[in-house]
Amino acid sequence: MLRFIDTHAHLDGEEFRDDLPETIVRAQEAGVGAILVPAIDGNSISSVMKVCRAYPGYCYPMIGLQPEEVKEDWVSVLETMRHALEENLREEAHSPWKYIAVGECGLDFYWSREFEKEQLAAFEEQVRWSVEYQLPLMIHCRKAQNEMLHVLKPYAKELPGGVFHCFTGNQKEAEAFLQMERFCLGIGGVSTFKSSHLREDLPAAVPLEHIVLETDSPYMAPVPHRGQRNESAFVEQVLQTLAQSYGVSTMELARVTNANVKRLFGVEVSD
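Here we summarise the structure given alongside this text. This one's a predicted model, so the numbers in the text were calculated from it and none came from an experiment.

**Some thoughts on the layout of surface pockets**
Then step 1. The computed volume of the largest pocket comes to approximately 830 Å³.
Then step 2. Lining the largest pocket are 32 residues, with His-140, Cys-141, Arg-142, His-165 and Cys-166 positioned closest to its centre.
Then step 3. Elements supplying a minimum of two residues to the lining of the largest pocket: β5 (137–142) and α6 (171–177).
Then step 4. Counting residues per element, the lining of the largest pocket draws most heavily on β5, which supplies four residues.
Then step 5. A class-by-class count of the residues in the lining of the largest pocket yields 13 nonpolar, nine polar and ten charged.
Then step 6. The volume enclosed by the second largest pocket comes to roughly 200 Å³.
Then step 7. Considering the residues around the second largest pocket, the lining is formed by Leu-11, Asp-12, Gly-13, Glu-14, Phe-16, Arg-17, Leu-20, Ser-47, Lys-50, Val-51 and Ala-54.
Then step 8. A per-element tally of the lining of the second largest pocket places helix α2 (residues 44–54) first, with four residues.
Then step 9. Per-class residue counts for the lining of the second largest pocket are five nonpolar, two polar and four charged.

What follows is the structure, given as structure tokens:
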């Protein structure tokens, strides 16, 4: 059976509180062989790990402070996260619950720049974690591309790589992001929207070796589920859309994107 990976799903959110087991079954039946689950704040440290402990070897945890969650208490939140990260890497180094990445972290100036300085400082601190622990980054960036690249570039040679999550930009923006050579673009449901230019821009500017699949569940469900709660099973629509755009089979697209996930995160699935 064709297997592929959802590299970004918030399965620990309250949106899945009542039917997470059924959601997992639907994902498995659709061909999803693994799901990566990011933290976003202090509370999600435990909620993410609860999901991943329930589905070991299928759901994989990340730890990070999402930029929209950066508030006055960001320093103490990051201290708590760093302690949890160090403890996890020491005690779970060979378990299915080892953290596989730092994230979701990044910059978001879409709604407000109220905490701009705090976001920049929090992001750079997590970039340092990535270098120190050699864990890839899962990066959220909205209306902050120049600032994000300015933070990343001094660490470019030391960073192990990562994903620019939820990429919706154009060819020029993709090329700028991929100056960070070890990074991939996370492509989700927006690629299926009628108004999206990703179906043309990605094949023109981004080799498949720099793409991973994602849903960002429960947000941004792909066509024909647009407007519904998104879930990991729907990553199959993204796979099909990108395969058509790149002129390759779904099998080939799954093979390459799975290899990208293995290279970045050490997570692999069997075909």
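**Let's talk about the nonpolar core**
Then step 1. Counting 78 residues, the largest nonpolar core has Leu-11, Ile-35, Cys-59, Leu-152, Leu-185 and Leu-202 as its most contacted members.
Then step 2. Counting residues per element, this core draws most heavily on helix α3 (residues 74–91), which supplies seven residues.
Then step 3. Those residues in contact with Leu-11 that lie beyond four places of it in its chain are Phe-16, Leu-20, Thr-23, Ile-24, Ile-35, Val-37, Val-51, Cys-59 and Ser-232.

**Some remarks on the sheet that holds strand β7 (residues 183–187)**
Then step 1. Pairing in this open sheet of eight strands is parallel, and the strands run β1-β2-β3-β4-β5-β6-β7-β8 from one edge to the other. The strands lining the two open edges of the sheet, one partner per strand, are β1 (4–6) and β8 (211–213). In this sheet, neighbouring strand axes are inclined to one another by 30° on average, regardless of whether the strands run parallel or antiparallel.
Then step 2. The sheet strands contacting helix α4 (residues 116–133) are β4 (101–108) and β5, and the helix crosses β4 at an angle near 155°.

**So, α4**
Then step 1. If you check α4, its first and last C-alpha atoms are 26 Å apart, about what 18 residues at 1.5 Å a residue would give, namely 26 Å.
Then step 2. Burial in α4 covers these residues: Gln-119, Ala-122, Phe-123, Gln-126, Val-127, Trp-129, Ser-130, Val-131 and Tyr-133.
Then step 3. Contact partners of the buried residues in α4: α3, β4, β5 and α5 (145–152).
Then step 4. With its phi angle positive at about 50°, Gln-134 sits one or two positions after the end of α4.

**A word on the side chain of Asp-12**
Then step 1. Along the chain, Asp-12 turns up in the loop between β1 and α1 (20–30).
Then step 2. Although buried, Asp-12 forms no salt bridge, and the nearest oppositely charged side chain, Lys-50, lies 11 Å from it.
Then step 3. Here Ser-47 takes part through its side chain, which lies 2.7 Å from a polar atom of the side chain of Asp-12.
Then step 4. Contact partners of Asp-12, with chain neighbours within four places excluded, come to Val-37, Pro-38, Ser-44, Ser-47, Val-48 and Val-51.

**Focus: the pairing of strand β3 (residues 59–63)**
The two faces of a sheet get side chains in turn, since along a regular strand they alternate between them.
Then step 1. Here β3 lies mainly inside the structure; five of its five residues are buried.
Then step 2. By the alternation rule, side chains of β3 split into Cys-59, Pro-61 and Ile-63 and Tyr-60 and Met-62, which are all buried.
Then step 3. Across three bridges, the pairing between strand β2 (residues 32–37) and β3 is parallel. Considered in β3, the bridge of Val-37 is made with Pro-61.

**Looking at the packing of α3 against α4**
For any two helices packed against each other, one specifies the inter-axial angle together with the distance between the axes.
Then step 1. One can describe the packing of α3 onto α4 by two numbers: an axis separation of 11 Å at closest approach and a directional angle of 15°. Taken together, the axes of α3 and α4 are roughly parallel relative to one another. Handedness of the α3/α4 crossing: right-handed. Residues Trp-74, Leu-78, Met-81, Arg-82, Leu-85, Glu-86 and Leu-89 of α3 form the contact with α4, whose own contacting residues are Glu-118, Ala-121, Ala-122, Glu-125, Gln-126, Trp-129, Glu-132 and Tyr-133.
Then step 2. Class assignment of the residues belonging to the contact of α3 with α4 gives a composition of nine nonpolar, one polar and five charged.

**Side note on unusual backbone geometry**
Then step 1. Look at the link from Gly-103 to Glu-104: it is a cis peptide, with omega at 25°.
Then step 2. Mapped onto the fold, Glu-104 is located in strand β4.
Then step 3. Cis rather than trans, the peptide bond between Val-223 and Pro-224 has omega equal to 10°.
Then step 4. Mapped onto the secondary structure, Pro-224 falls in the loop between β8 and α8 (235–246).
Then step 5. Phi at Cys-166 takes a positive value of approximately 55°, unusual for a residue other than glycine.

**Describing the packing of aromatic side chains**
Then step 1. Taken as a whole and judged by the stated rule, the model has four aromatic pairs.
Then step 2. Aromatic side chains Phe-164 and Phe-177 sit 4.6 Å apart centroid to centroid with 45° between the ring planes, which places their arrangement in the tilted category. With Phe-164 in strand β6 (residues 162–164) and Phe-177 in helix α6, this residue pair connects regions lying 13 residues apart in the sequence.
Then step 3. Exposure remark for Phe-164: the relative accessible area of 1% places this residue in the buried category.
Then step 4. With a relative accessible area of 7%, Phe-177 lands in the buried category.
Then step 5. An angle of 65° between the planes, with centres 5.6 Å apart, marks the rings of Phe-167 and Phe-177 as edge-to-face. Of this pair, Phe-167 sits in the loop between β6 and α6 while Phe-177 sits in helix α6; the two residues are ten residues apart in sequence, bridging distant segments of the chain. No difference in accessibility class separates Phe-167 from Phe-177, as the two residues are buried.
Then step 6. Among the aromatic residues, those joined into a cluster by ring pairs are Phe-164, Phe-167, Phe-177 and Phe-183.
Then step 7. The ring centre of Trp-97 lies 4.5 Å from the NZ or CZ of Arg-53, which sits over that ring.

The rules behind the values
Residues numbered from 1 in each chain as written. Predicted model: local features only at pLDDT ≥ 70, side-chain atom pairs only at ≥ 80, totals over all residues. Heavy atoms only, no water. 1 Å grid on protein atoms, 1.4 Å probe; cavity = no way out; pocket = protein on both sides within 12 Å on 5 of 7 lines; lining within 4 Å. Points joined across faces, edges and corners; volume = space filled by probe spheres on them. Helix = DSSP H or I, 4+ residues; strand = E, 2+ residues; numbered from the N terminus. Nonpolar A, V, L, I, M, F, W, Y, C, P; charged D, E, K, R; others polar. Core = buried A, V, L, I, M, F, W, Y, C linked by side-chain atoms within 4.5 Å. Buried < 20%, exposed > 50% of the residue type's maximum accessible area, 1.4 Å probe, protein only. Contact = heavy atoms within 4.5 Å. Pairing = 2+ DSSP bridges. Axes fitted to C-alpha atoms, helices over the stretch in contact; angles between N-to-C directions. Expected span 1.5 Å × (residues − 1). Lys, Arg positive; Asp, Glu negative; His and termini not counted. Salt bridge = Lys/Arg side-chain N within 4 Å of Asp/Glu carboxyl O. Polar contact = N/O pair within 3.5 Å; in protein donor to acceptor, adjacent residues only side chain to side chain. Parallel < 35°, antiparallel > 145°, perpendicular 65-115°, else oblique. Left-handed = near helix turned anticlockwise from the far one by under 90°. Phe/Tyr/Trp six-rings, centres within 6.5 Å; stacked < 30°, edge-to-face > 60°. Lys NZ or Arg CZ within 6 Å of the ring centre and 35° of its normal.

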